[in-house]
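A look at the structure
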Amino acid sequence: MKKVLNTLPGIALTAIIAAPAWLLGHLFPIIGSPVLGILFGMILAFWKRPALVESGIKYTSRKLLQYSIILLGFGMNLYNVFKVGSQTLVLMIFTLTAAFLTAYIVGKRLKLESKTNILIGVGTAICGGSAIAATAPVIHADDADVASSISTIFLFNVVAAFLFPILGHLLHMTDYNFGLWVGTAVNDTSSVVAAGYTFSNAAGNLAVIVKLTRTLMIVPITLVLALYISKKEIQNSKSGYKFSKIFPWFVLGFIAASLINTFLPISAGTGGLFVQVGKFVIVMAMAAIGLNTNIAKLIKNGWKPILLGFSCWAVLSITSLIVQYTILKI
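Cut-off values and rules
Residues numbered from 1 in each chain as written. Predicted model: local features only at pLDDT ≥ 70, side-chain atom pairs only at ≥ 80, totals over all residues. Heavy atoms only, no water. Patch = residues over 30% accessible without salt bridge, like charges linked within 9 Å, V, L, I, M, F, W, Y side chains within 5 Å. Areas by Shrake-Rupley, 256 points an atom, 1.4 Å probe, with all protein chains shown as cover. Salt bridge = Lys/Arg side-chain N within 4 Å of Asp/Glu carboxyl O. Helix = DSSP H or I, 4+ residues; strand = E, 2+ residues; numbered from the N terminus. 1 Å grid on protein atoms, 1.4 Å probe; cavity = no way out; pocket = protein on both sides within 12 Å on 5 of 7 lines; lining within 4 Å. Points joined across faces, edges and corners; volume = space filled by probe spheres on them. Nonpolar A, V, L, I, M, F, W, Y, C, P; charged D, E, K, R; others polar. Buried < 20%, exposed > 50% of the residue type's maximum accessible area, 1.4 Å probe, protein only. Polar contact = N/O pair within 3.5 Å; in protein donor to acceptor, adjacent residues only side chain to side chain. Contact = heavy atoms within 4.5 Å. Expected span 1.5 Å × (residues − 1). pLDDT = per-residue confidence, 0-100.

Among the surface-exposed residues, Tyr79, Phe82, Trp249, Leu252, Ile255, Leu259 and Phe263 lie close enough to one another that they form a single nonpolar patch of about 750 Å² accessible area. Those elements that provide at least two residues to the nonpolar patch are helix 4 (78-110) and helix 13 (249-263). Here the nonpolar patch takes five residues from helix 13, the largest share from any one element. Residue position: Leu259 is located in helix 13.

See the structure below:
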């Protein structure tokens, strides 16, 4: 009980910072609440805060962040996965592979830290901030890695929302092709909605379903990363290392929430409420991460993550088009 009480001041502080970020994020969805949460946190990082909030800030950026991913599972309906069919799953295999290979190769050339490479690769390939939030605790990423990755993903979300509809019309794409393209090549939901429905209602509807299906890729990716990290820990530790310590247990909660939302009689309002709470907690976690971010270091290494993010995004977008028109022939 004492430990819980010690975390409350810090949790309350992150909630206070998250509240305006949440409201402004809804007014300007292209920017998004998580980015604003990090920004507000970084601004307040210069404030010499009392020691009593430190444990709560750390708890929010780690444990509460994991719990928020579980709540996002209530927004998943597995029937939608079956609805989009095998073509979309094949497309995702190619695009995810292309994004991860690009992150690995380009990240090494840029001499970026491996954790930043992984976060930008996962954020680009899967679903932006949510994927970064799920992956960060698994690979023990520090706050600077998360802040840098979220900021990079945000930049290309904004560009995609405006650029993709223009390119879609220039390429004379059908609603179906464009919906698949946006759903696989744009990662943040707000940008997917903006780009998809700007093109057409049919394209927007398909793009959102494909995007939500991509979110499920959080499960296998985090499990694979957990195995990879645990193997490294075993190699570096003479006394051995237990896989249970690194296993992302919150992913099982995400799966359970998805199954409940799909097969049990839970109302849309209740499921939607859980999802909104989860998204708000993510903003709180981003605020906590911002509070512990060294802005000087972030600026110093700023161009490298952006170049890596652009490389991953460009390869992902082009791969999606190539697979659609050459392999799937749709």
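Structure shown, so let's carry the discussion forward.
Its volume calculated, the largest pocket comes out at about 920 Å³. If you trace the largest pocket, you find 42 residues lining it, with Ser130, Asp188, Thr189, Ser190 and Lys279 closest to the centre. Counting residues per element, the ones that place at least two in the lining of the largest pocket are helix 1 (2-27), helix 2 (33-44), helix 6 (129-139), helix 7 (143-170), helix 9 (189-199), helix 10 (201-215), helix 13 and helix 14 (268-291). In terms of residue count, the dominant contributor to the lining of the largest pocket is helix 14 (eight residues). Classifying every residue of the lining of the largest pocket gives 21 nonpolar, 18 polar and three charged. Taken as a whole, the second largest pocket spans an internal volume of roughly 600 Å³. Considering the residues around the second largest pocket, the lining is formed by 22 residues, among which Tyr104, Ser114, Ile118, Leu225 and Tyr228 are closest to the centre. When contributions to the lining of the second largest pocket are tallied by element, the ones reaching two or more residues are helix 4, helix 5 (114-127) and helix 11 (218-236). Top element by residues in the lining of the second largest pocket is helix 11. It accounts for eight residues. Grouping the amino acids of the lining of the second largest pocket by side-chain chemistry returns 13 nonpolar, five polar and four charged.

Turning our attention to the side chain of Thr95. Looking at where Thr95 falls in the secondary structure, it is placed in helix 4. Judged by relative accessible area, which is 1%, Thr95 ranks as buried. Within polar-contact distance, the side chain of Thr95 engages the backbone oxygen of Met92 at 3.1 Å. If we skip the residues at most four places from it in the chain, Thr95 touches Leu316, Thr319 and Ser320.

So, about empty space enclosed by the protein. Summary: where empty space remains is shown by rolling a probe the size of a single water molecule over the atoms. Applying the stated rule across the entire model yields one cavity of 30 Å³ or more. Estimates place the volume of the largest cavity at around 40 Å³. What lines the largest cavity is simply Thr124, Ile153, Phe156, Asn187, Gly309 and Trp313. When residues of the lining of the largest cavity are traced back to their parent elements, those giving at least two are helix 7 and helix 16 (303-327). Partitioning the lining of the largest cavity into residue classes produces three nonpolar, three polar and no charged.

Although it is not a glycine, His140 sits at a positive phi angle of roughly 60 degrees. Inspection of the secondary structure assignment puts His140 in the loop between helix 6 and helix 7. Residue His140 is classed as partly exposed on the basis of its relative accessible area, which comes to 37%. Positive phi values are uncommon outside glycine, yet His172 reaches one of about 55 degrees. Counting through the fold element by element, His172 comes out in the loop between helix 7 and helix 8 (175-185). For His172, a relative accessible area of 71% gives the class exposed.

The next thing to look at is helix 16. Taking 1.5 Å per residue as the helical rise, helix 16 with its 25 residues ought to reach 36 Å, and the 35 Å between its terminal C-alpha atoms agrees with that figure. One or two positions beyond helix 16, positive phi appears at Lys329, with a value near 50 degrees.

Close reading of the predicted structure is inappropriate where its pLDDT is low. Residues of the protein with pLDDT of at least 70 account for 93%, and the chain-wide mean is 85. Within the protein, the element-level pLDDT minimum falls on helix 12 (residues 243-246), averaging 62, and the maximum on helix 8, averaging 92.

Attention now goes to the side chain of Thr215. Along the chain, Thr215 falls in helix 10. Residue Thr215 is classed as buried on the basis of its relative accessible area, which comes to 10%. If we skip the residues at most four places from it in the chain, Thr215 touches Met76, Ile126, Cys127 and Phe254.

Moving on, we get to the pattern of salt bridges. Scanning the model with the defined rule gives two salt bridges in all. A salt bridge links Arg49 to Glu54; the nearest nitrogen and oxygen atoms lie 2.8 Å apart. A relative accessible area of 16% means that Arg49 is categorised as buried.

On to the environment of Val81. Mapped onto the secondary structure, Val81 falls in helix 4. In sequence terms Val81 and Gly179 are 98 residues apart; their C-alpha atoms lie 15 Å from each other. Apart from the residues lying within four places of it in its own chain, the contact partners of Val81 are Thr213 and Leu216.

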